[in-house]
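The lines below spell out each chain.
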Amino acid sequence: MSLNKEIAKRRTFAIIAHPDAGKTTLTEKLLLFGGAIQTAGAVKSNKIDTATKSDWMEIEKQRGISVATSVMGFEYKDIKINLLDTPGHQDFAEDTYRTLTAVDSVIMVIDCVKGVEIQTEKLMEVCRMRNTPVICFINKLDREGRDPYELLDEVEEKLNIQVRPLSWPIGMGKAFKGVYNLYDRKLNLFSPSQRKLSDDRAVFDDLSEDRLDELIGRNNADQLREDVELIEGVYPDFDTKEYLEGKVAPVFFGSAVNNFGVNEMLDTFIRIAPAPKSRNTEDREVLPSESKFSGFVFKIHANMDPNHRNRIAFLRICSGKFERNKPYNHVRGPKPLRFSNVTQFMAQDREMVDEAFPGDIIGLYDTGNLKIGDTLTDGENMTFKGIPSFSPEIFKEVINKDAMKTKQMEKGLKQLMEEGVAQLFTFDMGSRKVIGTVGQLQFEVIQFRLKQEYNASVEFAPMQLYKACWISSSDKKKLDEFVQSKNRHIARDKDGKLVFMAESRSWLQMVQDNYPEIEFHFTSEF
Ligand code: GDP
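Here's what I pulled together on the structure shown here. (Residues numbered from 1 in each chain as written. Predicted model: local features only at pLDDT ≥ 70, side-chain atom pairs only at ≥ 80, totals over all residues. Heavy atoms only, no water.)

## Digging into the site of the ligand
Then, number 1: Around the ligand sit 15 residues in total, of which Asp-20, Lys-23, Thr-24, Thr-25 and Ser-255 are the nearest.
Then, number 2: Between an oxygen atom of the ligand and a side-chain N or O atom of Lys-140, the distance comes to 3.2 Å.
Then, number 3: Across the complex, the protein chains shield 77% of the 580 Å² of accessible surface that the ligand would expose by itself.
Then, number 4: Looking at the shell around the ligand, the element that brings in the most residues is helix α2 (residues 23-33), giving three residues.
Then, number 5: Class assignment of the residues belonging to the shell around the ligand gives a composition of four nonpolar, five polar and six charged. (Near = heavy atom within 4 Å. Polar contact = N/O pair within 3.5 Å; in protein donor to acceptor, adjacent residues only side chain to side chain. Areas by Shrake-Rupley, 256 points an atom, 1.4 Å probe, with all protein chains shown as cover. Helix = DSSP H or I, 4+ residues; strand = E, 2+ residues; numbered from the N terminus. Nonpolar A, V, L, I, M, F, W, Y, C, P; charged D, E, K, R; others polar.)

## Considering the packing of aromatic side chains
Then, number 1: In total, this model carries 20 aromatic pairs according to the counting rule given.
Then, number 2: Taken together, a centroid distance of 5.9 Å and an interplanar angle of 85 degrees make the contact between Phe-482 and Phe-520 edge-to-face. Highlighted residues: Phe-482 in helix α13 (residues 476-485) and Phe-520 in strand β30 (residues 519-521), separated in sequence by 38 residues. For the residue pair Phe-482 and Phe-520, the accessibility class agrees, reading buried in each case.
Then, number 3: Judged by centre distance (5.4 Å) and plane angle (35 degrees), the ring pair of Phe-500 and Trp-507 falls under tilted.
Then, number 4: Classification of Phe-500 as buried rests on a relative accessible area of 0%.
Then, number 5: In this structure an aromatic cluster arises from ring pairing among Phe-482, Phe-500, Trp-507, Tyr-515 and Phe-520.
Then, number 6: Sitting over the face of the ring of Phe-314, Lys-299 holds its NZ or CZ atom 5.4 Å from the ring centroid. (Phe/Tyr/Trp six-rings, centres within 6.5 Å; stacked < 30°, edge-to-face > 60°. Buried < 20%, exposed > 50% of the residue type's maximum accessible area, 1.4 Å probe, protein only. Lys NZ or Arg CZ within 6 Å of the ring centre and 35° of its normal.)

## Here we look at the packing of helix α4 (residues 93-100) against helix α5 (residues 118-129)
Then, number 1: The interhelical angle for the contact between α4 and α5, taken along N-to-C directions, is 35 degrees, at an axis separation of 10 Å. Handedness of the crossing formed by α4 with α5: right-handed. Each of Ala-93, Thr-96, Tyr-97 and Leu-100 in α4 lies in contact with α5, whose residues at this interface are Gln-119, Lys-122, Leu-123, Val-126 and Cys-127.
Then, number 2: Class assignment of the residues belonging to the contact of α4 with α5 gives a composition of six nonpolar, two polar and one charged. (Axes fitted to C-alpha atoms, helices over the stretch in contact; angles between N-to-C directions. Left-handed = near helix turned anticlockwise from the far one by under 90°. Contact = heavy atoms within 4.5 Å.)

## As for a negative patch on the surface
Then, number 1: Residues Asp-147, Asp-153, Glu-156 and Glu-157 make up a contiguous surface patch of negative charge.
Then, number 2: With respect to the helices, strands and loops of the structure, Glu-156 is situated in helix α6 (residues 148-159).
Then, number 3: The partly exposed category is assigned to Glu-156, whose relative accessible area is 30%. (Patch = residues over 30% accessible without salt bridge, like charges linked within 9 Å, V, L, I, M, F, W, Y side chains within 5 Å. Salt bridge = Lys/Arg side-chain N within 4 Å of Asp/Glu carboxyl O. Lys, Arg positive; Asp, Glu negative; His and termini not counted. Charge placed at Lys NZ, Arg CZ, Asp CG, Glu CD.)

## Considerations on the state of the cysteines
Then, number 1: The tally for this structure, following the rule as stated, stands at zero disulfides.
Then, number 2: Cys-127 supplies the cysteine sulfur nearest to Cys-318, a cysteine that is in no disulfide, at a spacing of 18 Å. (Disulfide = S-S within 2.5 Å.)

## Quick look at the side chain of Asp-374
Then, number 1: You can see Asp-374 is positioned in the loop between β21 (361-366) and β22 (375-377).
Then, number 2: Reaching out from Asp-374, the side chain makes a polar contact with the backbone nitrogen of Lys-371 at a distance of 3.0 Å.
Then, number 3: Sequence-distant contacts of Asp-374, that is, excluding residues within four places in its chain, are made with Gly-295, Phe-296, Val-297, His-330, Arg-332 and Asn-369.

## A short note on α5
Then, number 1: For α5, built from 12 residues, the straight-helix expectation of 16 Å at 1.5 Å per residue is met to within 8% by its first-to-last C-alpha distance of 18 Å.
Then, number 2: Of all the residues in α5, the buried ones are Gln-119, Thr-120, Leu-123, Met-124, Val-126 and Cys-127. All buried residues of α5 project into a common sector of 160 degrees when viewed along the axis, lining one side. The outward face of α5, more than 90 degrees from its buried face, is lined by the exposed residues Ile-118 and Glu-125.
Then, number 3: Where α5 is buried, its residues contact β1 (10-17), α4, β4 (105-111), β5 (134-139) and α6.
Then, number 4: Positive backbone phi, approximately 50 degrees, marks Asn-131, located one or two places after α5. (Expected span 1.5 Å × (residues − 1). Arc of directions from axis to C-beta.)

Next up, the structure:
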């Protein structure tokens, strides 16, 4: 098959949601439709069992299991779907953000009882950075939830995106009758015990037909007619182009656990969701159809067994064809790399592959050469943009407890930071090292792994810090002056970029007011 055909048949996306909204359940239904699994209950939630929340070894083990489900590939109606899983535990939010850089679109699940929740808002901000197209699935309609209009307004307001319902619920909770597909004008009636993936659909060219009253009852029929008229009146026609630009989110209603409304969404998804898109490097735009291979690493998973130091690097292919055993240019590194152990993830299995195409995610066995953000190419020296670091929320100073093992500690810290476990900031003054994370858990992980894998002992001293702000200015002199005058608060990130370590929100505000020519950024890419 030609490269263009391979590209055209791929859809690479992630499902994102606040924990408990139904991400795992929806994933499972999609895999069922794709024939990738046969029974419900086969997909393991990557959610961390609350009973083990404080035991990170247990958590890492659970995360280890989730490597297998990191990417789920399956085919549906001749489309190869690559579904990337995102960690459920909020301490691993950065993992999720990085995963979002490797997809072309997302499906966002929202619980109709709880509405838009905090994690959903944060994830949406990340999607907006790259104008990632979003489809919304409003879930759990079999429960008494909020009014659909109210939910749509909330999505628009809190997620700051226009919405366009493409399906509409008939009733809710106990009175939930089904969904009407506004796109195809098809009605799908609800029967909660429905196990099979039924294709029965009542088609109405005209909702005024009496048949509708017979099917769902007079009141429901009238309500539906009224709703549809209102929606068609209020919302402009759905425009695929606007969706692809990340301006409009089509919305579907349903109940994932009852397998309801999922098919409507999936069929629309394969029709409108983008095939692998072009990606920007620092110098130019790379089209997927370019004949030469290129890709970038967005995630690294370490083997928790200290006897096996190997790691799996997850690579998103951006252009050309990847071939096993072919030497590729490791743009940041000293020498070309060749991979003999390459896996793709199909549903619950991993399989060895010899070649892969744009949009595909492959796992490369690596002994420590690769780090997050690395670019591999078939020759050209270029680096893909777009894997930002976000300001951490918790900061602690690293205290070396064994001066004889300083080298080991530094090596270990470097490796762990390359895996994206946390971020390291080094103060200009006194070279104090500060680790920033989004969750408490990572400190335990770092301490344990430094001991176990590098024989280094560290402790952490709490620090009163509010944010790490990357700073820049169009006026280099002003920037130098700022760095001079605030040198006690200036640090460098892993790439040597300048960071201002703000102690409190109010103080940061004051500094920002006093230095209008300095720009303060909460992510490393601006
Ligand atoms: P995740 O944390 O987003 O992966 O959420 P899960 O898929 O694990 O679902 C969380 C809970 O919501 C589970 O108990 C599911 O059975 C339940 N759930 C998922 N979909 C539905 C639905 O459509 N209706 C109802 N009533 N419960 C659902």
